[in-house]
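Structure assessment
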Amino acid sequence: MMPDTVNITADLCTPMPISHSLHTDAELGAVYLLTITAVLPKGLNYIPGTSAVRWPAGTGSLIPIDDPDILPDGRLEWIIDSLVAQLAGGLPGELSTPDNTFDLEFQTLTECGFISGTKLIYSFRGEQVCERPTNIVTKLSGLYTITGTSPPFGLDIAVSLTDTATCQENFTLEISIPAGPMGTDPGSLTVELPAGFGYLPGSTMTNLIQQEPLFQGNRLIWKLDPDLPLTTVSLSLTLSPDAPCAPLLIPVYTTVNTKAICETTGQECGIETITGSRYVPVTVERPEYLIPSVKTVPWFSGTGVEAVITQITGKDPGEGEIELWLDLDGDGTVSSGDVLKEVRPFTISGSGSTTVIFGPLDLQPLEWCRVLVRIDEDANCTCGSVFRPLETPATFAAMDRLELCWADSVQLGGTLPGGVPVVWTGAGLSCTDCTMPWYHQINTGTNIESAVLLAQVSPEPGCQLIHEWIVDVYPKPALLTGSATVCAGDTATLLTTPAASWTWSGPEILPGAGQVALMVPEITSTYSVTITDGAGCVETDTTVVTVLTLPDIAGEYLFCAGTTPVLSLPVVPGVVYFWKNAGGRLNNPTVPNPTVIVPQDFDFLVEMNNGYCATASTVSVRFQDSLLLNGLSDTVRACIGDTLQLTVLPDVGCTWEPVASVICLNPNCSSVLVPVAETVMLTVTGTDSLGCTGVVKTVVVPEEKEVIHRDTVALCPWRIDRSVRADGDRSGLVLRHDRDDRFVPGNHVCTGSGGGYPDN
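Let us look at the structure shown here. (Residues numbered from 1 in each chain as written. Predicted model: local features only at pLDDT ≥ 70, side-chain atom pairs only at ≥ 80, totals over all residues. Heavy atoms only, no water.)

The subject of this paragraph is the sheet that holds strand β26 (residues 288-299). Taken in spatial order, the three strands line up as β26-β27-β30 in an open sheet, and their pairing is antiparallel. Bordering the open sheet on either side are β26 and β30 (353-358), each of which pairs with just one other strand. Taking the axes of each pair of neighbouring strands and ignoring which way they run, one obtains an average angle of 20 degrees across the sheet. Note that β26 and strand β27 (residues 302-313) share 10 bridges and pair antiparallel. Residue Leu290 lies in a different strand from β27, and its bridge partner there is Thr310. (Pairing = 2+ DSSP bridges. Helix = DSSP H or I, 4+ residues; strand = E, 2+ residues; numbered from the N terminus. Axes fitted to C-alpha atoms, helices over the stretch in contact; angles between N-to-C directions.)

Spelled out as C-alpha cells, the structure:
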C-alpha cells in the first residue's frame, strides 16, 4: 500500500483534493477480503458518494463504489472485493501485473475545529487461501492543511514507547518537548488514542502544572507551560480486547491556536495548527486462531465433537476457552436465540495446535446440523472471533458390534429418526432406500467377517448425518484341521474356528485345550469338539487322528563263524530302511535283510522311515567261533543193568553216536537215558540256533556189584561204624545201627551209599 505523501491544502470548510492510496498484491496467489481502513483526524469528514476504485491502477477504468462502513471507533472501512465485481475473486497475484494493483480514491471536507497539519492513517490487510491472513500494512498520508495557517514555529518532540502491546500489559508512553520561542502562545500537547487504547487514570508524571490530561473524545490534552526549558510527560496506556490486531500509529503532537474563515458560512473559526508531531508505531500482538476442522467423534457411550485449533499469530502459545453453540437460526454466527451447550478450555501446544473434544452430546438430528464452535474475541483477547460449523456429512460411529451366527439375519435402523429420508450403503442389505433393511450375509470362510453399514439421513437440505452399524458374522463353528496323522509318541494338533468356548472329548488330550487342542494318542483315535462362538452359535465336529508306528527291531544279532550272516528286520509295507554307517560291511544298505559281508563284531546304525515317522536304532552284530557243551564228564561209571541219565548243556539240538546206545528224553535230544551193559564211548554233537556246533565225548564204564564177605559186624550201640570191603577199602560203605538198646546176633540189613556199591 502506498498513500499519497504530497501535502494537500484547501480553504476551511471546502472539499480537500482527492485522497489516493495505491494497493498491490505482491504474493504469487490471489488475495481475498481486501480490507482498507482510514483514520480521519478531528474535523475532517468523508464526503458521501466520492469513493471509487481504479483497476488496474493508473491505466484502468475508474469504478464508483459504495460508501465505506463507519466503524464504532470512527474509522472508515472498505472491503474492496465485495464492492468491485471485477475483484470478487480476489486481487490477482504479481504474475498478473498490472491487474494485481488498484487505486482507492475518495474526498474529504474540513470543518471548524479541524487541526491543520494532521495526516490520514491507512491500514490494508487481506487473506490468502485457507483463511490465512496476509501481512497488515499501516502507513501515513501527506499533510492536510488549511490555507494560510502555517505554524509560527516548530518543536522537535521526542517520544518513547514499547513497540508491542498485549491484552494483559500496561505500557508507558514518555514524551519530552524542548522550549518554544519566547513570547509565543503556550499551546498544548495532544495524544490521540487509537481504537482499543485507553488511559490509566492517575498515571501521568510531568513537570507541567496540569497533571492529569483533559479528555476530548479519544484525545488526551495538556496545556503547555511557556516557561519550561524542557517539558516531560510520562503516562500509562491500557489495551482493551477490541483493539485491532494490526500495526497502529499513536499521533502525538503540539499545537498553537490560530484563526481561519469557514468558506461556506463566512464565520471566523478558531482552529489549531500543529507545531510538532510524532506518529508513534505500536503493534497490537494478540493470539489469532483458526479452527480448521470440527468433526464428530466416538466419545464414551455416545458421540462427541472434536475441534482442532491452530494459532497463527502471537508471540507465545495462547490459551483460552472455546464454546460449542447450537446455531438455531442457521446464520453461521452466534446471535440472539442461539444456545450455548458447552465451554472447554484449551492451551496451544508447542506445535501451534491443539484438539478439544466436547461430549458426549445428546442432540436431536436437526440440532446436529446446527452445531457451531466459537473462540470469542472479547472472552479470549484474540484478534477477532473465530467461528466454525460442524462439518457434514457427520458420522456417528457404531457404539456396539452386532454378532451373528454364520447364516443368520438382523434388521437394522431401529434408532434412526422417523420421517427423514434414508440412503443405505453396504453389501448384504435387503434394500438401500428403506428405513429398516435386513442384513444377511452367509459366512463360508473360517474367520469372522465384519461389515460396516452406513445410513445417511438428511434432516434438512445441505446437512447429511451418517449413522454406522458394524456387524460381525461368525464362521460356522468347525474343526479347521481335518484328519491328522502322527507318529507314535508324537503330539497331534487340532484347530477350530474362533469361538468363546470349546468342549473336547477323546483320549490323551493335554490340559488347556481351547481353539487349539493338543493330544498324544497311543493308537488311532476319534476326537470331537463342541464349539460355542461369541454369537452363541453351537456346533459339534469330529475328526480322526491316525497313529503310525515303526517296527521294533532286535538290538543284537549273534552269528557263528563260518556261517552266512543275514540280518532280518521286519518287512513292513511303506517302511524304508537305511543302514547309515554300513560302509562296505553289508551287501545292500537299503533293505531290511542285508547280508553281512565283513564277519566282524560291529554296531550298525539303521534308520527307518515310513513317510511320516523316522527313527534310528543301533543293531549290534557279534560273531562266535563254536558251541561249548557242558554237563558230561569224560568217564561215567555205573553198575551193570542200571540206566544212566545224561544231560548236555545248553539245551540245543544234539545227535549221539552210537545212536542205538541212547534213548532221547526231549525233542532236542539234549537229555538221554543210557542202559549200562558194556563199555560205550558216546559222541555228542550239539547245534544251536545260530548254526554253531560243538562236540563232546564221554565213556560209560559198567561195574560189577560188590558182596560183603564178613559174617559178623559188631557195633556199639548208638555208634556208627564202617564196613570193610573185601579188598580192605574202608571208605565205601556207611552202616547205621537200629535204635534198639542192643543188637541181636545174626544177619542185619545195612543201608549205605557209594559210587557203584551194593545198596544192602
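The four strands lie next to each other as β29-β28-β31-β32, forming an open sheet whose pairing is antiparallel. With partners counted over all chains shown, the strands left at the sheet margins are β29 (339-347) and β32 (386-389), one partner each. Taking each pair of neighbouring strands and ignoring which way they run, the sheet shows an average axis angle of 20 degrees. Looking at chain direction, strand β28 (residues 319-326) and β29 are connected through eight bridges and run antiparallel. The residue bridging Gly320 from the neighbouring strand is Phe346, located in β29.

This part covers the pattern of salt bridges. Opposite charge on two side chains lets them pair, provided their charged atoms get close. Inspection of every chain in the model, using the stated rule, returns 11 salt bridges. Between Arg75 and Asp73 there is a salt bridge; the shortest N-O distance is 2.9 Å. The exposure class of Asp73 is partly exposed, given its relative accessible area of 38%. For the salt bridge of Asp376 with Arg374, the shortest nitrogen-to-oxygen distance reads 3.5 Å. Of the two residues, Asp376 and Arg374, neither departs from the other in class, the shared state being buried. Through salt bridges with shared partners, a single ionic network connects Glu323, Arg374 and Asp376. (Salt bridge = Lys/Arg side-chain N within 4 Å of Asp/Glu carboxyl O. Buried < 20%, exposed > 50% of the residue type's maximum accessible area, 1.4 Å probe, protein only.)

Turning our eyes to something else, we now look at a nonpolar patch on the surface. Together, Leu480, Leu495, Leu510, Val516 and Leu518 make up an exposed nonpolar region whose accessible area comes to about 340 Å². Position of Leu510 among the secondary structure elements: in the loop between β42 (501-505) and β43 (516-519). Overall, Leu510 belongs to the partly exposed group, its relative accessible area being 34%. (Patch = residues over 30% accessible without salt bridge, like charges linked within 9 Å, V, L, I, M, F, W, Y side chains within 5 Å. Areas by Shrake-Rupley, 256 points an atom, 1.4 Å probe, with all protein chains shown as cover.)

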